[in-house]
Amino acid sequence: MNKNTYEFDFFDYYADPVDYFKQCLYLRKIGNRGICMYKNKKIHLSPRLFEALFTMAEDTSKTHKLDTIIRENGAAEDNERQIAARINKAFKKEGFTNIVKKEFRDGYCINLDIIQDDFIVTATR
């Protein structure tokens, strides 16, 4: 007896857009606020952490220096390692693995082994 199983392809998620967005890392910037959803769960991030994650999500092909993002309120700069650790901690709190990884001597980027580039959606309004 032959038991063939069908494996979902990337294009199968387009059959219903809701199913596609349930698999995505969705980041939306509305003015000075940000919405972060991953696998249909809302992730609570401070504006500083959201801005760093949004910057990494906009261009996943390169690494980013997180401490060079200019803040308008004049608050003290965070250490890059602290920013990445706090983003990962927020995702761990919701039950997910580390989403931000350090590239050797280059900077930080989104871990594309966990989230495919096709499933990262950024939007501004």
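Residues numbered from 1 in each chain as written. Predicted model: local features only at pLDDT ≥ 70, side-chain atom pairs only at ≥ 80, totals over all residues. Heavy atoms only, no water.

## Quick word on the environment of glycine 31
Here is step 1 of the chain: Mapped onto the fold, glycine 31 is located in the loop between strand S1 (25–30) and strand S2 (33–38).
Here is step 2 of the chain: Sequence separation between glycine 31 and threonine 124 is 93 residues; the distance between their C-alpha atoms is 8.2 Å. (Helix = DSSP H or I, 4+ residues; strand = E, 2+ residues; numbered from the N terminus.)

## Description of the environment of isoleucine 114
Here is step 1 of the chain: Mapped onto the secondary structure, isoleucine 114 falls in the loop between strand S5 (107–110) and strand S6 (120–124).
Here is step 2 of the chain: Distance from isoleucine 114 to threonine 97, taken between C-alpha atoms, is 8.1 Å for residues 17 residues apart in sequence.
Here is step 3 of the chain: The residues touching isoleucine 114, leaving out its near neighbours within four places in the chain, are Tyr38, Thr97 and Asn98. (Contact = heavy atoms within 4.5 Å.)

## Looking at the packing of helix H2 (residues 47–58) against helix H3 (residues 80–93)
Here is step 1 of the chain: Where H2 contacts H3, the axes come no closer than 10 Å and their chain directions differ by 95 degrees. Taken together, the axes of H2 and H3 are roughly perpendicular relative to one another. Each of Arg48, Leu49, Ala52, Leu53 and Met56 in H2 lies in contact with H3, whose residues at this interface are Ile83, Arg86, Ile87 and Phe91. (Axes fitted to C-alpha atoms, helices over the stretch in contact; angles between N-to-C directions. Parallel < 35°, antiparallel > 145°, perpendicular 65-115°, else oblique.)

## Focus: the pairing of S1
Here is step 1 of the chain: Examined bridge by bridge, S1 and S2 share six bridges and lie antiparallel to one another. The residue of S2 that forms the bridge with leucine 27 is cysteine 36. (Pairing = 2+ DSSP bridges.)

## Comments concerning the confidence of the model for the protein chain
Here is step 1 of the chain: Summary statistics for the protein chain give a mean pLDDT of 80 and a share of 78% for residues scoring 70 or more.
Here is step 2 of the chain: Of all helices and strands in the protein chain, the one with the weakest mean pLDDT is helix H1 (residues 17–21) (74), whereas strand S3 (residues 41–42) scores best (92). (pLDDT = per-residue confidence, 0-100.)

## Brief notes about the nonpolar core
Here is step 1 of the chain: Of all hydrophobic cores here, the largest spans 31 residues; its most connected members are Leu25, Cys36, Leu53, Ile87, Phe91 and Ile110.
Here is step 2 of the chain: Counting only elements with at least two residues in this core, the list comes to S1, S2, H2, H3, S5 and S6.
Here is step 3 of the chain: Ranked by the residues each element gives to this core, the list is headed by H2, at seven residues.
Here is step 4 of the chain: Apart from residues no more than four positions distant in its own chain, isoleucine 110 is found in contact with Leu25, Leu53, Met56, Ala57, Ile99, Ile115 and Ile120. (Core = buried A, V, L, I, M, F, W, Y, C linked by side-chain atoms within 4.5 Å. Buried < 20%, exposed > 50% of the residue type's maximum accessible area, 1.4 Å probe, protein only.)

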